Amino acid sequence: MSDPESSNASPEQQAQWLARIEGLRPTLMRLALLQLRNRAWAEDAVSEALLAAIEGLPRFGARAQLQTWVVGILKHKVLDQLRQRQREQQLDDSGDDEDPAEHMFLADGHFAQAPQVWSAPSEVLRQKQFLEVLEACMDLLPGQLGRVFLMREWLELGTDEICQELGFSATNVWQMLSRARLRLRECLQLRWFGEQAP
């Protein structure tokens, strides 16, 4: 498929680019819903991201993966929604008091059982099936754990910004990030790497 920036792109080729962008909607909705926890807000963010992508298509120039580019646009739209809805959004506390780290570490802080050796992350991340499993594992993160993890890792917000947005202490945020990472590790160990984590 030719570069969307090219003046030689036929109407058929331009229609193909538009169809590819629209085809990203389900993935974008899942990401937006995980962060915003409100279907209407997520739909607004996704619609705005898709519109911005379509309008920016002549500047895209195929210098990156289309999905990566559109997800980057969505990231900014979700941040806009979070800031806009900051006072409106009610926090739902998952009430999750169980700490998976209790059984995973020794008193000196080392793993009780060393993690299984995984293949090179750059190779694994390229595999579509792995991304689907990772997405499913992120969907399983309860309430605020998933939200805090995505704010840090996907939206790239700092601890202070997360604390301000959610009204949590820095210690609480670090604890939630640690729990989320442990749960993701456990889920990936079980569902992708084939051996249940301890």
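Quantities reported herein were computed from a predicted structural model and do not represent experimental measurements.

Colleague: I tried to follow the overall build of the protein chain on my own but got confused; where do I start?
Modeller: When its secondary structure is counted, the protein chain shows nine helices and zero strands. Along the chain direction, N to C, the helices and strands of the protein chain fall in the order α-α-α-α-α-α-α-α-α. Looking at the protein chain as a whole, 40% of its 198 residues are labelled buried. Total accessible area computed for the protein chain in this model is approximately 11600 Å², and 49% of it derives from carbon and sulfur atoms.

Colleague: Just checking my understanding: could you explain the environment of Glu-165 for this structure?
Modeller: Here Glu-165 lies in helix H8 (residues 159–166). Classification of Glu-165 by relative accessible area gives buried; the value is 14%. When the C-alpha positions of Glu-165 and Arg-83 are compared, they lie 8.2 Å apart, and in sequence the two are 82 residues distant.

Colleague: Help me understand the side chain of Glu-135 in this model?
Modeller: Within the fold, Glu-135 resides in helix H6 (residues 128–139). Contacts of Glu-135, omitting those with residues within four sequence positions, involve Thr-27 and Arg-30.

Colleague: Would you mind going over the packing of helix H2 (residues 25–36) against helix H4 (residues 66–85) with me for this structure?
Modeller: The packing of two helices is summarised by the inter-axis angle and the distance between the axes. Close contact between H2 and H4 brings their axes to 10 Å; oriented N to C, the two are set at 30°. By the angle between their directions, the pair H2 and H4 is classed as roughly parallel. The handedness of the crossing between H2 and H4 is right-handed. Across from Thr-27, Leu-28, Leu-31, Ala-32, Gln-35 and Leu-36 in H2, the residues of H4 making contact are Gln-67, Val-70, Val-71, Leu-74, Val-78, Gln-81 and Leu-82. Looking at the contact of H2 with H4 residue by residue, the classes come out as nine nonpolar, four polar and no charged.

Colleague: I'm lost on unusual backbone geometry in this one. Help?
Modeller: Both trends apply: most residues other than glycine have a negative phi, and most peptide bonds are in trans. Phi at Arg-37 is positive, roughly 60°, even though this residue is not glycine. Along the polypeptide, Arg-37 turns up in the loop between H2 and helix H3 (39–60). For Glu-156, which is not glycine, the phi torsion reads 60° and is therefore positive. Topologically, Glu-156 is positioned in the loop between helix H7 (143–153) and H8.

Colleague: How should I be thinking about the nonpolar core in this particular structure?
Modeller: Generally speaking, nonpolar side chains in soluble globular proteins are found buried as a group. Judged by nonpolar contacts, the single largest core of 51 residues is most densely connected at Leu-28, Leu-36, Leu-74, Val-78, Val-148, Trp-154 and Leu-155. Looking at this core, the elements that each hand over two or more residues are helix H1 (11–22), H2, H3, H4, H6, H7, H8 and helix H9 (170–191). If you tally residues by element for this core, the top one is H3, at nine residues. Beyond its immediate chain neighbours, meaning those up to four positions away, Trp-154 contacts Leu-31, Gln-35, Val-71, Leu-74, Lys-75, Val-78 and Phe-149.

Colleague: Which parts of the structure should I look at to understand the state of the cysteines?
Modeller: By definition, a disulfide is the covalent link that joins the sulfur atoms of two cysteine residues. A complete count under the given rule lists one disulfide for this structure. The partner cysteine of Cys-137 in its disulfide is Cys-187, sulfur to sulfur 2.0 Å. Across the S-S bond of Cys-137 and Cys-187 the torsion is about -80°, and the bridge reads as left-handed. Of this pair, Cys-137 sits in helix H6 while Cys-187 sits in helix H9, and the two are 50 residues apart along the sequence.

How each quantity is defined
- Residues numbered from 1 in each chain as written.
- Predicted model: local features only at pLDDT ≥ 70, side-chain atom pairs only at ≥ 80, totals over all residues.
- Heavy atoms only, no water.
- Helix = DSSP H or I, 4+ residues; strand = E, 2+ residues; numbered from the N terminus.
- Buried < 20%, exposed > 50% of the residue type's maximum accessible area, 1.4 Å probe, protein only.
- Areas by Shrake-Rupley, 256 points an atom, 1.4 Å probe, with all protein chains shown as cover.
- Contact = heavy atoms within 4.5 Å.
- Axes fitted to C-alpha atoms, helices over the stretch in contact; angles between N-to-C directions.
- Parallel < 35°, antiparallel > 145°, perpendicular 65-115°, else oblique.
- Left-handed = near helix turned anticlockwise from the far one by under 90°.
- Nonpolar A, V, L, I, M, F, W, Y, C, P; charged D, E, K, R; others polar.
- Core = buried A, V, L, I, M, F, W, Y, C linked by side-chain atoms within 4.5 Å.
- Disulfide = S-S within 2.5 Å.

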